[in-house]
Amino acid sequence: MIHRHTRKRAGARARYPFVSRRRHTPWAAVALGAALTSAPFVVHAQTSNPADASAATATATATAQAASPASGAAVASDGKTGVTALPTVVVTATRRSESVQKVPVAVTVVSGAEMDRAYNNSIESLVTEVPALTFKPSLSSKDTTLTIRGVGTNSTSPGVEPSVSTVVDGVVYARPGQATLDLLDVDHVEVLRGPQGTLFGKNASAGVINVVTQDPSHETTGYIDTQFFSGGEQRVRAGISGTIVPGVLTGSLTALVGHYGGNVTNAFNDDKVNGYDHTGVRAKFVLTPNADLKATFAFDYMHSRDTYASGVIGKVTNPIYNTALLPVTASLSNQHINVTDSPWVDDVNWGGSAQIDWSLAGGYTLTSISALRHWDNTQVTDEAWVPTIYEQIPSSKDHGDLGFTQVSQELRITSPKGQWFDYVAGLYFMHTQDRENYQRDAVTCSASTLPNVAAGLTPCEPGESTLHATHGDAVFNTLTDSYSAYGEGTIHFSPRLRAILGARVTHDVVGYDETRVSSSPVAVPGINPSFAASGFTDANGLSGRTGLEFDLTSTAMLYATYSRGYKGPAFNTFFNMQARDELALKPEKSNAFEIGAKTQSADHRYVANIALFYTKYQNYQANFYDTVAGQVVTRLINAGSVSTRGIELDTRARPIDGLTFNGGLALTDAHIDSFTCPVGAQGNCNVNGKTLPFSPTFKANLSADYRVPLPIGPELELYGNYAFQTREQYDIGQSPYTIQGAYGIFNASVGLNYANGWHVALIAKNLFDKSYVGAMATGSGYVLITVPRDAGRYVGIDLRKDFY
């Protein structure tokens, strides 16, 4: 396996094996030699059975989002044109290492090399390369959400688990905010679409994002990568990898430092916000004391300080705000706020894991994965939207602290491949504890003296209105325990026909307690009166999968599957929790049907994978915009039944040597079948038949990667990616003010790769300068928007040096 630390360097050596005698080689021979010796990066997953990995790697197959041709690994030509074939992609989508073209799962693979090429460094950036995936940003990383096929849990409550599970090296991240920080040492990312509860757990009712990091290399290697972008953004990564004890222990260490001031201006003090300061480190060690035992230890730490753009107003629905916001003007291209204190969020995310793979007699493998993770999150937000010294509208300042800990243990057995019946079975346990303290200070008026404004309404006029200061302090804790046993097997009726049968039994225990103290005996905007509650619930769940696979030819496979999804019970714990929120939400269940085809050309230069799906969810857990204590909030409810159906296509092609195309599209109809209006709701419940939030009907992406040796010295590298989507509704209540129109984003880069390990590239993000927003949320008289990093065009330069 080529380690990522040496990709460009290893590729350069493979492309120029004749550098020392190049003056004696005719240019035509140089070009031909470079073409025949260049090869794509081969994505390797973690291997529970080395024999399985070897067998899978021997098949020259690929997927739409496989790695870019960055390494010197040998890849055979098609035997006719001399054009190198697409690379083999090995994944762990079925908890064993297999070629992606052989797994009966709709999965898109993005390699670490491809993420580097696109200058993407987080899971949220995958939305430009995986059409079925969307991302909901928020004022804090703890409130972000990922959706697949239009389905995801958009909630700020700590008492609910995500619908899209994020797994890093076999470790499930229980909260989505844990995984939205920078990624280091990525080998590849598998995006599994649709319910994956059998092998990946109960919180995978919509899909799984499976991140596999690089194993350390045996040779001593290193690199340093520096990026500078307009707007003052800087990122530096550096790593070293190699053998510590020959034949026994290898290790790697990677570090990251990044800074960006932001692309939103605070008009009150001219500060820049919507930026970050990130520092992180990741270490990995692989111990192989003998041929039958492999122990992998991973440790990571990430500190992030983000200045979020809280209070960017995109639209005004109450004319009062047109004056109150000045000098800021509301618009969907607005990149200004006006607050006395710039909001910020501080994250500390760290953890460690130990994976033991023990090869047993008969080809069986026993795997144990033990993990501990901890996450601290602090956020400070000024929700006045205008300086409080003006008192034009009630002010609200928030301070929240979160401490989250999870412990997990998985034990599984993997049978050898090639038998009449092969299987994976295991036991899993996870314990989580979430502790939050949220404080809010609000200033309101009860007797406005402005003309034509009723008493108690906004705005207030300083010195002439009766102002009241209210303080609220809430402490809430959530505990969960989850136990499960699972197994999935494949019956080989013949070399071409196979059956899949799997099930998972889960027992969930969820408990909470909350105490809120308010200085006001009555509700004021943003703060409910004092309140205390606690609760407990448990539930048993059954998930599973069954289906058939059939090989039409050696390069074409058909499959049809039925999956039963399950997501455990939940509590709607949040700052303004009240008596109506004490009842536990029912478990979410789903039934999913999928048929698909995975095909490739005989010369392995063209791949096309298609999937048709239909999934129906009962007791769907979702956020509902409601009014609580005079303020619009997101309220977690069992929303009734929803469904999603559609067609997805992944393609990959290498028409000529050096040129690779990746493409994908998703046509998705995700809508509300029957909405259950919650008790006391003040929001819109007339939404039957409407589109689910964060679910554009059509998304597509296309990327092109072209590499060609120049007559003098370096290799030229051209890259471009275009991602397009249709209109998107952000509110389950179907507000007409929270719709993002259709848009497309084009990113590009041009670079030079030198044989001595140097790489330099010019980068352009959102080259056509298309303005768009990441999300919208309705408020009391206004619509808030989030401003993405690439809301406008920006450019940069990348300088990298590989050492060996």
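Please read these numbers as outputs of a predicted model, since none were measured by experiment.

Comments concerning the overall build of the protein chain
Alright, step 1. Looking only at helices and strands, the protein chain features 6 helices and 41 strands.
Alright, step 2. Each of the 804 residues in the protein chain was classed as buried or not, and the buried ones make up 60%.
Alright, step 3. Once local pairs closer than 6 in sequence are excluded, the contacts in the protein chain between residues at least 24 apart make up 71%.
Alright, step 4. Only carbon and sulfur atoms are counted for the fraction: they give 62% of the accessible area of the protein chain, which is about 28,400 Å².

A short note on empty space enclosed by the protein
Alright, step 1. Computed from the structure, the second largest cavity encloses a volume of approximately 380 Å³.
Alright, step 2. In this structure, the second largest cavity is lined by 31 residues; those nearest its centre are Glu 161, Ala 174, Lys 202, Met 430 and Thr 480.
Alright, step 3. Elements with a minimum of two residues in the lining of the second largest cavity: α5 (197-200), β21 (395-414), β22 (421-445), β23 (467-492) and β24 (497-518).
Alright, step 4. In the lining of the second largest cavity, the residues fall into 12 nonpolar, 10 polar and 9 charged.

Some details on the pairing of strand β34 (residues 715-725)
Alright, step 1. Pairing of strand β33 (residues 698-709) with β34 involves 11 bridges; the strand directions are antiparallel. Paired with Leu 702 across the bridge in β34 is Tyr 722.
Alright, step 2. Hairpin geometry of β33 and β34 is characterised by an intervening segment of 5 residues between the two adjacent antiparallel strands and by a positive phi of about 75° at Gly 713.
Alright, step 3. When β34 meets strand β37 (residues 743-753), the two strands line up antiparallel, connected through 11 bridges. Pairing of Leu 716 across the sheet is with Leu 752, part of β37.

What to know about the pairing of β24
Alright, step 1. Here 21 bridges tie β23 to β24, and the two strands are oriented antiparallel to one another. Among the inter-strand pairings, Thr 490 is bridged to a residue of β24, identified as Ile 500.
Alright, step 2. The turn joining β23 and β24, which pair antiparallel and follow one another in sequence, is formed by 4 residues.
Alright, step 3. The pairing of β24 with strand β25 (residues 531-553) spans 20 bridges and is classified as antiparallel. Looking across to β25, one finds that Arg 498 is bridged to Glu 549.

Considerations on unusual backbone geometry
Alright, step 1. For Asp 169, which is not glycine, the phi dihedral falls at a positive 50°.
Alright, step 2. Relative to the helices and strands, Asp 169 resides in the loop between β6 (164-168) and β7 (171-173).
Alright, step 3. Of note in this structure, Gln 734 is not a glycine but carries a positive phi near 60°.

Topic: the environment of Thr 573
Alright, step 1. Summarising the element assignment, Thr 573 is placed in the loop between β26 (556-567) and β27 (588-600).
Alright, step 2. Residues Thr 573 and Asn 477, spaced 96 residues apart in sequence, show a C-alpha to C-alpha distance of 8.4 Å.

Side note on the packing of aromatic side chains
Within a pair of aromatic rings, the relevant descriptors are the distance that separates the centres and the angle that separates the planes.
Alright, step 1. In the structure shown here, the tally under the stated rule is 13 aromatic pairs.
Alright, step 2. Both rings, one in Tyr 260 and one in Tyr 276, keep their centres 6.1 Å apart while their planes meet at 50°; by these two values the pair is tilted. Remark: Tyr 276 occurs in strand β15 (residues 275-290) and Tyr 260 occurs in strand β12 (residues 249-260); sequence separation between them is 16 residues. Each member of the pair, Tyr 260 together with Tyr 276, is buried.
Alright, step 3. On the basis of an interplanar angle of 55° and a centroid distance of 5.7 Å, the ring pair of Tyr 438 and Phe 575 is categorised as tilted. Taken together, the residues span a long stretch of sequence, with Tyr 438 in strand β22 and Phe 575 in the loop between β26 and β27 at a distance of 137 residues.
Alright, step 4. For Phe 575, a relative accessible area of 6% corresponds to the buried category.
Alright, step 5. Within the aromatic cluster, the residues linked to one another by ring pairs are Tyr 364, Phe 421 and Tyr 423.
Alright, step 6. Between the NZ or CZ atom of Arg 305 and the centre of the ring of Trp 344, over which it lies, the distance is 3.7 Å.
Alright, step 7. Positioned above the aromatic ring of Tyr 794 is the side chain of Arg 789, whose terminal nitrogen or guanidinium carbon lies 3.6 Å from the ring centre.

With respect to the sheet that holds strand β13 (residues 264-266)
Alright, step 1. Spatial strand order, β14-β13-β18: 3 strands in an open sheet with mixed pairing. Only two strands of the sheet have a single neighbouring strand rather than two, namely β14 (271-273) and β18 (336-337).
Alright, step 2. Alignment of β13 against β14, held across 3 bridges, turns out to be antiparallel. Bridging across to β14, Thr 265 finds its partner in Lys 272.

Digging into the side chain of Lys 567
Alright, step 1. With respect to the helices, strands and loops of the structure, Lys 567 is situated in strand β26.
Alright, step 2. Judged by its relative accessible area of 0%, Lys 567 is buried.
Alright, step 3. Side chain to side chain, Lys 567 and Ser 163 meet in a polar contact 2.9 Å long.
Alright, step 4. Those residues in contact with Lys 567, other than ones at most four positions away along the chain, are Thr 153, Val 160, Glu 161, Pro 162, Ser 163, Lys 202, Ser 205, Pro 587, Glu 588 and Gln 621.

Concerning the sheet that holds β7
Alright, step 1. Strand order in the open sheet formed by 5 strands is β3-β8-β9-β6-β7, and the pairing between neighbours is mixed. Lying at the two open borders of the sheet, with one neighbouring strand each, are β3 (107-111) and β7. Each adjacent strand pair in this sheet contributes to an overall mean axis angle of 20°, direction not counted.

What to know about the environment of Met 577
Alright, step 1. In this structure, Met 577 sits in the loop between β26 and β27.
Alright, step 2. When the C-alpha positions of Met 577 and Thr 515 are compared, they lie 9.3 Å apart, and in sequence the two are 62 residues distant.
Alright, step 3. Excluding anything up to four places from it in sequence, Met 577 contacts Tyr 512, Glu 514, Arg 516, Phe 531, Asn 572 and Glu 582.

With respect to the nonpolar core
Alright, step 1. Counting 36 residues, the largest nonpolar core has Leu 126, Val 189, Ile 209, Tyr 620 and Phe 675 as the members making the most contacts within it.
Alright, step 2. Look past the residues within four positions of Leu 126 in its chain and what remains in contact with it is Val 110, Met 115, Leu 133, Val 189 and Val 191.
Alright, step 3. Counting residues in hydrophobic clusters, the runner-up holds 23 residues, among them Val 89, Val 91, Val 107 and Val 167.

Observations concerning a nonpolar patch on the surface
Alright, step 1. Together, Trp 420, Phe 421, Phe 493, Leu 497, Leu 548, Phe 550, Leu 552 and Leu 558 give the surface a local cluster of nonpolar side chains, amounting to about 740 Å² of exposed area.
Alright, step 2. The leading source of residues in the nonpolar patch is β25, at 3 residues.

Remarks on the confidence of the model for the protein chain
Alright, step 1. Per-chain confidence: the protein chain averages 83 in pLDDT, with 83% of residues scoring 70 or above.
Alright, step 2. Below pLDDT 50 for its whole length, residues 1-80 participates in 252 contacts with residues either more than four positions away or in separate chains.

Section: the pattern of salt bridges
Alright, step 1. The full count for this structure, using the stated rule, is 34 salt bridges.
Alright, step 2. For Arg 498, the salt bridge identified is with Asp 551, shortest N-O distance 3.0 Å. Here Arg 498, found in strand β24, pairs with Asp 551, found in strand β25; they are 53 residues apart in sequence, far enough to count as distant. Considered together, Arg 498 and Asp 551 belong to a single accessibility category, that of buried residues.
Alright, step 3. Among the salt bridges present, the one from Lys 616 reaches Asp 673, with a minimum N-O distance of 2.7 Å. Here Asp 673 lies in strand β32 (residues 659-675) and Lys 616 lies in strand β28 (residues 606-618), a separation of 57 residues in the sequence.
Alright, step 4. Residue Lys 616 is classed as partly exposed on the basis of its relative accessible area, which comes to 26%.

Some remarks on the side chain of Ser 590
Alright, step 1. Within the secondary structure layout, Ser 590 lies in strand β27.
Alright, step 2. According to the relative accessible area criterion, Ser 590 is buried, its value standing at 0%.
Alright, step 3. Those residues in contact with Ser 590 that sit more than four places away from it in its chain are Pro 195, Ser 205, Ser 563, Arg 564, Gly 565, Thr 615, Lys 616 and Tyr 617.

So, the environment of Gln 227
Alright, step 1. Looking at the element boundaries, Gln 227 is found in strand β10 (residues 221-229).
Alright, step 2. Using a relative accessible area of 9% as the deciding quantity, one classes Gln 227 as buried.
Alright, step 3. Residue contacts for Gln 227: discarding those within four places in its chain leaves Tyr 119, Glu 233, Gln 234, Arg 235, Arg 237, Ile 797 and Asp 798.

Conventions we followed
Residues numbered from 1 in each chain as written. Predicted model: local features only at pLDDT ≥ 70, side-chain atom pairs only at ≥ 80, totals over all residues. Heavy atoms only, no water. Helix = DSSP H or I, 4+ residues; strand = E, 2+ residues; numbered from the N terminus. Buried < 20%, exposed > 50% of the residue type's maximum accessible area, 1.4 Å probe, protein only. Contact = heavy atoms within 4.5 Å. Areas by Shrake-Rupley, 256 points an atom, 1.4 Å probe, with all protein chains shown as cover. 1 Å grid on protein atoms, 1.4 Å probe; cavity = no way out; pocket = protein on both sides within 12 Å on 5 of 7 lines; lining within 4 Å. Points joined across faces, edges and corners; volume = space filled by probe spheres on them. Nonpolar A, V, L, I, M, F, W, Y, C, P; charged D, E, K, R; others polar. Pairing = 2+ DSSP bridges. Phe/Tyr/Trp six-rings, centres within 6.5 Å; stacked < 30°, edge-to-face > 60°. Lys NZ or Arg CZ within 6 Å of the ring centre and 35° of its normal. Polar contact = N/O pair within 3.5 Å; in protein donor to acceptor, adjacent residues only side chain to side chain. Axes fitted to C-alpha atoms, helices over the stretch in contact; angles between N-to-C directions. Core = buried A, V, L, I, M, F, W, Y, C linked by side-chain atoms within 4.5 Å. Patch = residues over 30% accessible without salt bridge, like charges linked within 9 Å, V, L, I, M, F, W, Y side chains within 5 Å. Salt bridge = Lys/Arg side-chain N within 4 Å of Asp/Glu carboxyl O. pLDDT = per-residue confidence, 0-100.

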